[in-house]
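# Understanding the architecture of this molecule
Letter by letter, the chains look like this.
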Amino acid sequence: MTTDSKTIPTTLIAGDGIGPEIVESVIEILDAVGAPFEWDRQLAGMAGVDAVNDPLPKQTIESIRRTGLALKGPLTTPVGGGFKSINVTLRQEFGLFANLRPTKTIVPGGKFDKIDLVLFRENLEGYYAAMEHYIPVGEDPKGIALSSGFNSRTECRRIVKYAFEYAVKNNRKTVTIVHKANILKLLTGLFLEEGRKVAEEYKGRVAFNERIVDACAMQLVINPWQFDVIVTTNLFGDILSDLTAGLVGGLGMAPGANIGEKAAVFEAVHGSAPDIAGKGIANPLALLLAAVMMLQHVGRQDLADRIDLAIKKVITDGGLRTKDLGGDASTKDLTAALKQQLV
């Protein structure tokens, strides 16, 4: 997505727990760099339940439909009450087929240093589109739990092609297709089959290899530097993307993007952390990195680069860090330091 207009209408969801704190931090930094977003503030999560008894109000959905772009703080899906997962609902509502999770070292000196890889997860199918039910056994009405997932040839091809296109545009060298086709011969065999076809189309431009998911998990913690771009199915992508976040310090460093043909939602991957809400110590980096991805998405790589450089100067080289990263900086301290670098 690119735009020539002066401002870009964008849905803003502050979220729950630490959400409002980190969202305001990120908005301050975006304002300092002159980002073109015009915010349409909407509710979701517990804030939506409190206001209209709906964790994903119709007004919020209509806003995203209108803008085609959203920045989302962490949300809490209420337990019970028949409420569906907010994230799953958003993905299905807007056809957000690609989940993009970059993993890059920001705080140096850890066990895994100089990590720079990107994981693509198919976002609509697999076991997360599960059809589940119980089968009674004897007097136990829930004696067996049965779940059926599905993958379509169309969506398998679309996510793999998206990963290869990303590799070409971003000068990435290798795409690794991750599967379990040795056991789930049809469900993930189809994914691997389509992946190999797509890889042939990029032969000579992007290298290709494949890994069984359990072997990939092991190799990610033994030698993560061998990976560049990873593309996989829904469940495997959910698990492996949290694993890769652990390589660089945890979910506080993990931005995410959910991309579709007509909309894109950018988010901090971590939860709402109600235990530290209001204490002023939340780390805004995951959401800020998501905002950097959003700037890239709308064609403002120049502004994205400026924020990336500020992060490098303040955190990577400067050592100013929040508590979760081993420092003692408050959210406001970190925000002010990043803004200073952007002046």
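Residues numbered from 1 in each chain as written. Predicted model: local features only at pLDDT ≥ 70, side-chain atom pairs only at ≥ 80, totals over all residues. Heavy atoms only, no water.

## Comments concerning the overall build of the protein
Looking only at helices and strands, the protein features 11 helices and 12 strands. Rg of the C-alpha trace for the protein: 20 Å, near the compact-globule value of 20 Å for 343 residues, within the 12% margin. The principal-axis extent of the C-alpha atoms belonging to the protein is close to 60 × 50 × 40 Å. Within the protein, the fraction of its 343 residues that count as buried is 50%. A fraction of 71% describes how many contacts in the protein between residues 6 or more apart in sequence connect residues 24 or more apart. In the form shown here, the protein has an accessible surface area of approximately 15800 Å², with 53% of it arising from carbon and sulfur atoms. Taken as two groups, the 38 positive and 40 negative side-chain charges of the protein have centres that lie 5 Å from each other. (Helix = DSSP H or I, 4+ residues; strand = E, 2+ residues; numbered from the N terminus. Rg over C-alpha atoms; globule rule 2.2 N^0.38 Å. Buried < 20%, exposed > 50% of the residue type's maximum accessible area, 1.4 Å probe, protein only. Contact = heavy atoms within 4.5 Å. Areas by Shrake-Rupley, 256 points an atom, 1.4 Å probe, with all protein chains shown as cover. Lys, Arg positive; Asp, Glu negative; His and termini not counted. Charge placed at Lys NZ, Arg CZ, Asp CG, Glu CD.)

## Details of the packing of aromatic side chains
Aromatic rings considered in pairs are described by the distance between their centres and by the relative angle of their planes. Within this structure, the stated rule accounts for six aromatic pairs. Note on Phe97 and Tyr162: the rings are 5.5 Å apart at their centroids and 85 degrees apart in plane angle, and the pair reads as edge-to-face. Of this pair, Phe97 sits in the loop between α4 (86-94) and β4 (98-104) while Tyr162 sits in helix α5 (residues 153-169); the two residues are 65 residues apart in sequence, bridging distant segments of the chain. Ring plane angle 40 degrees and centroid distance 6.2 Å describe the contact between Phe112 and Trp225, whose orientation is recorded as tilted. Residue Phe112 is found in the loop between β4 and β5 (116-122), and its partner Trp225 is found in the loop between α7 (213-222) and β10 (229-232); the two are separated by 113 residues along the sequence. In this structure Phe112 comes out as buried when scored by relative accessible area, which is 15%. Chaining the aromatic ring pairs together yields one cluster made of Phe97, Phe120, Tyr162 and Tyr166. The ring of Phe97 carries Arg158 above its face, with NZ or CZ at 3.9 Å from the centroid. (Phe/Tyr/Trp six-rings, centres within 6.5 Å; stacked < 30°, edge-to-face > 60°. Lys NZ or Arg CZ within 6 Å of the ring centre and 35° of its normal.)

## Remarks on the domain arrangement of the protein
Under the domain assignment used here, the protein contains domain 1 (1-104 + 251-342) and domain 2 (116-247). Once you take the C-alpha centre of each, domain 1 and domain 2 turn out to be 25 Å apart. Contacts between domain 1 and domain 2 engage 17 residues on the former and 18 residues on the latter. Three residues, Phe97, Arg101 and Thr103, lead the burial of domain 1 against domain 2; their summed loss comes to 41% of the area buried on that side. Between the two partners, domain 1 and domain 2, sit two salt bridges. Between Asp242 and Arg101 there is a salt bridge, with the nearest N and O atoms lying 3.3 Å from each other. Inspection of the domain 1/domain 2 interface yields 11 residue pairs in polar contact (both at pLDDT 80 or more). Residue contributions to the side of domain 1 that touches domain 2 peak at seven residues, all from β4. Its residues placed into classes, the side of domain 1 that touches domain 2 shows eight nonpolar, five polar and four charged. (Domains from an automatic or database assignment. Buried area = accessible area lost by both parts, 1.4 Å probe. Salt bridge = Lys/Arg side-chain N within 4 Å of Asp/Glu carboxyl O. Polar contact = N/O pair within 3.5 Å; in protein donor to acceptor, adjacent residues only side chain to side chain. Nonpolar A, V, L, I, M, F, W, Y, C, P; charged D, E, K, R; others polar.)

## Observations regarding the pattern of salt bridges
By the definition in use, this model includes 22 salt bridges. Arg65 is the salt-bridge partner of Glu93, the closest N and O atoms lying 2.4 Å from each other. Placement of Glu93 in helix α4 and of Arg65 in helix α3 (residues 58-67) is noted, with a sequence separation of 28 residues between them. You can call Arg65 partly exposed: its relative accessible area is 41%. Residue Glu201 pairs with Arg157 through a salt bridge whose shortest N-O separation is 2.5 Å.

## What about helix α8 (residues 234-247)?
Counted at 1.5 Å a residue, the expected span for α8 with its 14 residues is 20 Å, and the 20 Å between its end C-alpha atoms agrees. Just past α8, the residue Gly249 takes up positive phi, approximately 120 degrees. (Expected span 1.5 Å × (residues − 1).)

## Topic: the nonpolar core
Soluble, globular proteins show a tendency: their nonpolar side chains are buried together. Grouped together as the largest cluster of nonpolar side chains are 85 residues, with contacts concentrated most on Phe37, Phe120, Val231, Phe266, Ile307 and Ile311. When residues of this core are assigned to their parent elements, the largest contribution, 11 residues, is made by helix α9 (residues 285-297). When residues of this core are assigned to domains, at least three fall in each of domain 1 (1-104 + 251-342) and domain 2 (116-247). With sequence-adjacent residues up to four places away left out, Phe266 is seen in contact with Leu69, Ala70, Leu71, Lys72, Gly256, Ala257, Ile259, Ala290, Met293, Met294 and His297. Of all hydrophobic cores here, the second largest spans 13 residues; its members include Ile13, Ala70, Leu90 and Phe94. (Core = buried A, V, L, I, M, F, W, Y, C linked by side-chain atoms within 4.5 Å.)

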